[in-house]
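Report on the structure
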Amino acid sequence: MGKLAFGAALAATTACLSVAVNGIAGSTGSPLGLPRAAAGELPAFADCAELRDWYVDQALPQVGPWGFGYGGPMYYATEGLRVLSSGDASMGIPQTSGGLPLAEAADGAVTNGGTGTNVQEIGIDEPDVAKTDGRLVFRLDERELVVTDVSGAEPRELSRTKLPDDFAAQGLLLVGDTVLVTASGYGGYGGGMPRIMIDSIYVAGPVNSKLAVYDVSVPRDPELVSEHEYEGTLVETRQYGDLVRLVVQTGLPQLDFVQPGRRRSDEEATRENREIVRSSTIEDWLPFVRHDGRRSTLLDCQDVRHPRLDAGFGTISVVTFRADDPGDDTSVGVATSGSLAYSSTDRLYVATPVQPEVQSYEDMMRGVAPEEWPDETMVHAFELTDDGTAYLASGKVEGTIRDRWSFDEQDGYLRVATAHHDKWATTDNAVTVLREDGSTLRVVGNVRGLGPREEIQSVRWFEDFAVVVTFRQVDPLYTVDLTDPSRPRVLGELKIPGFSSYLHPLGDRLLLGLGTAADLQGRTHGSQAAIFDLSTLRDPQQISLLKLPEIDELAARYDPHAFTFTGKHVYTLAHSWNRRGSTSILKLSVDGGLREVASYEAGYDARVLPIDGGRVALVGDAIRLLAD
């Protein structure tokens with residue numbers, strides 16, 4: 001939802017690739033004798049005893065002389081979990097709750113959200129290092145919350161408020177007169193502490209996440225209202241009006257394992273450690289939450305479900321609360337180590353890559369590799385209401401999902417861009433459409449063959465079509481017709497050197513691509529920005545190209561919050577490693593073709609926020625006010 005419509009451009013198109021439509025047939029029953037569920041449905045637990053037994057049975061094979069795995073427990077998270085939110089499905093640009101009215105722009109353009117942040121979906125806000133209501137800027141400066149008045153000709157700093165101790169802030173949300181600051185920290189190494197693999201790097205735990213709530217109705221004196229701590233990694237937060245949802249990923253529990261030594265052999269330590277796991281309680285397995293120091297379990301046993309196919313060990317918790325009262329929350333959980341999530345205004349989809357069968361500790365020590373690594377992903381749908389989140393349905397899609405931009409929901413259909421593999425090599429890519437059918441997410445349409453032997457670099461969704469960019473040597477930009485969800489089809493293809501890592505609608509059927517310049521042999525050299533004309537989807541055209549040879553990386557490729565479109569100009573954070581690590585903000589004109597208007601020195605995580613009076617605030621270590 002919240003997409004842009006180009007329906008008239010699809011009416012006369014006939015070119016297409018063959019369409020493969022595959023149904024999903026889930027198994028029934030349960031290995032623990034749980035109540036039989038409908039096809040595709042995640043089984044629920046009748047009580048805490050069943051849930052504890054499931055956790056224990058899943059974990060026992062991984063227990064060895066040092067506890068879980070070697071020197072500490074492990075679970076696999078192939079990517080950080082992320083939540084996406086979509087807003088009102090209209091051609092207009094709405095105003096988000098408690099924020100700045102969005103700028104006037106060309107028909108179909110997407111400008112920044114109501115608190116100044118570039119968001120993926122219209123109407124749903126995302127945490128960032130700086131926010132504005134148009135007159136005040138709230139930003140994080142290391143361990144301080146800084147409030148600055150930007151209503152006059154010059155910025156005036158009003159207050160600096162020290163954040164709670166041991167609070168490594170990640171981002172903030174601005175909801176009326178409330179600021180929520182999020183943080184996630186890692187503990188030290190230890191015998192029973194969780195260990196998490198993120199992007200192929202192991203990090204020791206425990207991992208606890210925090211939330212601090214401030215009343216900023218008096219900007220000169222923000223008041224800390226409450227503090228909250230969640231066991232696990234706070235992987236994403238989204239704001240829906242005055243409602244906030246966060247997703248927490250928890251690993252294996254901290255248990256008092258023994259270790260081998262002079263008086264205890266490896267075999268004896270393994271037997272004792274497995275008995276410790278068998279003797280564990282449900283409180284050891286369920287994640288905890290502390291509201292102003294008061295500890296309780298985050299989930300009720302009956303609110304936890306588990307996938308039928310192995311998708312890694314852990315617990316995903318979805319927590320819902322009002323921005324001004326996080327202590328009054330509701331939660332739902334899935335016993336898995338899912339890799340990403342996406343939400344529309346009324347659905348939350350959690351994706352969990354299917355894993356090989358769990359190896360025993362003995363097989364891991366012998367170096368026995370899994371026979372097969374499944375190339376498929378489970379997707380679980382949850383209903384979002386003003387009261388919380390409830391599980392609805394599950395399904396399976398072939399292939400793996402690159403990042404949060406690969407998911408989209410429109411008119412009850414979930415659209416997913418996936419990569420297909422043969423062993424570790426990409427064979428091709430696809431767009432798949434799913435719809436709820438009772439308790440099953442069923443595939444209703446699929447088109448494959450996009451970018452053979454190439455990697456997906458970026459995806460942008462519209463109401464009735466999608467743009468997918470892949471890259472190996474040249475940049476194929478594909479337009480995919482989604483007018484009929486049961487028959488998605490490739491309409492057009494544009495091959496040019498280089499590739500776009502981030503795509504942004506400029507309005508009037510123009511699409512901006514930011515990415516990397518390359519020659520015809522695929523050798524990359526610097527960055528580039530391009531404008532594509534999508535007026536004729538069967539024949540997309542690149543109509544403007546700006547090469548930036550001195551810029552090694554445009555930050556929008558990995559951080560879309562480092563991008564701003566005001567309707568008049570594009571601002572993007574740029575890194576130049578060859579110039580002694582300089583970072584700048586580029587101001588680009590998109591009217592009549594791309595050209596660089598100005599460049600400003602900036603910090604590594606600088607932002608550009610639209611403010612009142614047709615101006616922007618360049619926010620870094622200090623704030624600079626400019627006319628747009």
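Anyway, here's the lowdown on the structure attached to this text. (Residues numbered from 1 in each chain as written. Predicted model: local features only at pLDDT ≥ 70, side-chain atom pairs only at ≥ 80, totals over all residues. Heavy atoms only, no water.)

**Overview of the overall build of the chain**
Each helix and strand counted, the chain has 4 helices and 44 strands in total. Of the contacts made within the chain by residues no fewer than 6 positions apart, 57% connect residues no fewer than 24 positions apart. Approximately 25,000 Å² of the chain is accessible, and the part contributed by carbon and sulfur atoms is 46%. (Helix = DSSP H or I, 4+ residues; strand = E, 2+ residues; numbered from the N terminus. Contact = heavy atoms within 4.5 Å. Areas by Shrake-Rupley, 256 points an atom, 1.4 Å probe, with all protein chains shown as cover.)

**A look at unusual backbone geometry**
Here the phi dihedral of D166 falls at roughly 55 degrees; this positive angle occurs in a residue that is not glycine. Tracing the backbone through its elements, the reader meets D166 in the loop between strand 7 (156-162) and strand 8 (169-175). Under the relative-accessibility criterion, D166 is labelled exposed at 67%. In this model, D292 sits at a positive phi of 50 degrees, which is unusual for a non-glycine residue. Positionally, D292 belongs in the loop between strand 16 (288-291) and strand 17 (294-297). (Buried < 20%, exposed > 50% of the residue type's maximum accessible area, 1.4 Å probe, protein only.)

**Brief notes about the pairing of strand 29 (residues 455-461)**
The element strand 29 is extensively covered by neighbouring structure, given that 6 of its 7 residues are classed as buried. Inspection of the sheet shows strand 29 paired to strand 30 (residues 465-471) by 6 bridges, in the antiparallel sense. For E455, the partnering residue across the bridge sits in strand 30 and is F471. Counted between consecutive antiparallel strands, the loop separating strand 29 from strand 30 contains 3 residues. (Pairing = 2+ DSSP bridges.)

**Concerning the side chain of T178**
Looking at the element boundaries, T178 is found in strand 9 (residues 178-186). Those residues in contact with T178, other than ones at most four positions away along the chain, are L173, V213, Y214, V216, A323 and D324.

**Comments concerning the sheet that holds strand 23 (residues 376-385)**
In a beta sheet, neighbouring strands pair by backbone hydrogen bonds and run either parallel or antiparallel. Taken together, 8 strands build an open sheet; the order of strands is 21-22-23-24-28-27-26-25 and the sheet is mixed. Across the chains shown, the open sheet's two edge strands, defined by having one partner strand only, are strand 21 (340-343) and strand 25 (407-410). The average angle at which neighbouring strand axes cross in this sheet is 25 degrees, direction not considered. (Axes fitted to C-alpha atoms, helices over the stretch in contact; angles between N-to-C directions.)

**Side note on the state of the cysteines**
Scanning all chains against the criterion turns up 1 disulfide. One disulfide bridge connects C48 with C301, the sulfur atoms lying 2.0 Å from each other. Between C48 and C301, the S-S torsion sits near 95 degrees, and that sign places the bridge as right-handed. Taken as a pair, C48 in helix 1 (residues 48-59) and C301 in the loop between strand 17 and strand 18 (304-305) lie far apart in primary sequence, 253 residues in all. Looking at C48, the relative accessible area reads 33%, which means it is partly exposed. (Disulfide = S-S within 2.5 Å.)

**Let's talk about the pairing of strand 30**
Most of strand 30 sits out of view: 7 of its 7 residues are buried. Covered by surrounding structure in strand 30 are F465, V467, V469 and F471 together with A466, V468 and T470, the residues of both alternating faces.

**So, a nonpolar patch on the surface**
Taken together, the side chains of Y558, W577 and Y604 define a hydrophobic patch exposed on the protein surface, amounting to about 360 Å² of accessible area. Secondary-structure assignment places Y558 in the loop between strand 37 (553-554) and strand 38 (563-565). (Patch = residues over 30% accessible without salt bridge, like charges linked within 9 Å, V, L, I, M, F, W, Y side chains within 5 Å. Salt bridge = Lys/Arg side-chain N within 4 Å of Asp/Glu carboxyl O.)

**With respect to the packing of aromatic side chains**
On inspection of all chains with the given rule, the structure shows 11 aromatic pairs. Ring centres of F45 and W54 lie 6.1 Å apart, and the angle between their planes is 65 degrees; on these two criteria the pair is classed as edge-to-face. Look at W54 and you get buried, because its relative accessible area is 7%. Among the aromatic side chains, those forming a connected cluster through ring pairs are F45, W54, Y55 and W285. (Phe/Tyr/Trp six-rings, centres within 6.5 Å; stacked < 30°, edge-to-face > 60°.)

**A short note on helix 1**
When the terminal C-alpha atoms of helix 1 are compared, their 17 Å separation across 12 residues agrees well with the 16 Å that a helix rising 1.5 Å per residue should span. Looking at helix 1, one finds that the buried residues are L51, R52, W54, Y55, V56 and A59. Contacts from the buried residues of helix 1 go to strand 1 (63-64), strand 2 (67-68), helix 2 (266-278), helix 3 (282-285), strand 18 and strand 19 (315-322). Measuring from the side-chain oxygen of the N-cap residue of helix 1 to the backbone nitrogen of A49 gives 3.2 Å; that N-cap residue is D47. (Expected span 1.5 Å × (residues − 1). Polar contact = N/O pair within 3.5 Å; in protein donor to acceptor, adjacent residues only side chain to side chain.)

**Things to note about the pattern of salt bridges**
Scanning all chains against the criterion turns up 23 salt bridges. Of the charged contacts, one joins R404 and E126 as a salt bridge, the two residues approaching to 3.4 Å between their closest N and O atoms. Here R404, found in the loop between strand 24 (388-398) and strand 25, pairs with E126, found in the loop between strand 3 (74-77) and strand 4 (130-132); they are 278 residues apart in sequence, far enough to count as distant. Its relative accessible area of 1% is what places E126 among the buried residues. Across the pair D481 and R489 runs a salt bridge, and its minimum N-O distance is 2.8 Å. Neither residue differs from the other here; D481 and R489 are each classed as buried. In the salt-bridge network here, residues are joined through shared partners; they are D141, E144, E157 and R160.

**Some details on the sheet that holds strand 6 (residues 144-149)**
One open sheet holds the 4 strands; their spatial order is 4-5-6-7, and the pairing between them is antiparallel. Where the open sheet ends on each side, the last strands, each with one partner, are strand 4 and strand 7. Ignoring which end each strand starts from, the neighbouring axes of this sheet average 15 degrees apart. As defined by bridge partners, strand 4 adjoins strand 5 (residues 136-141) across 3 bridges and the pair is classed as antiparallel. For K131, the partnering residue across the bridge sits in strand 5 and is F138.

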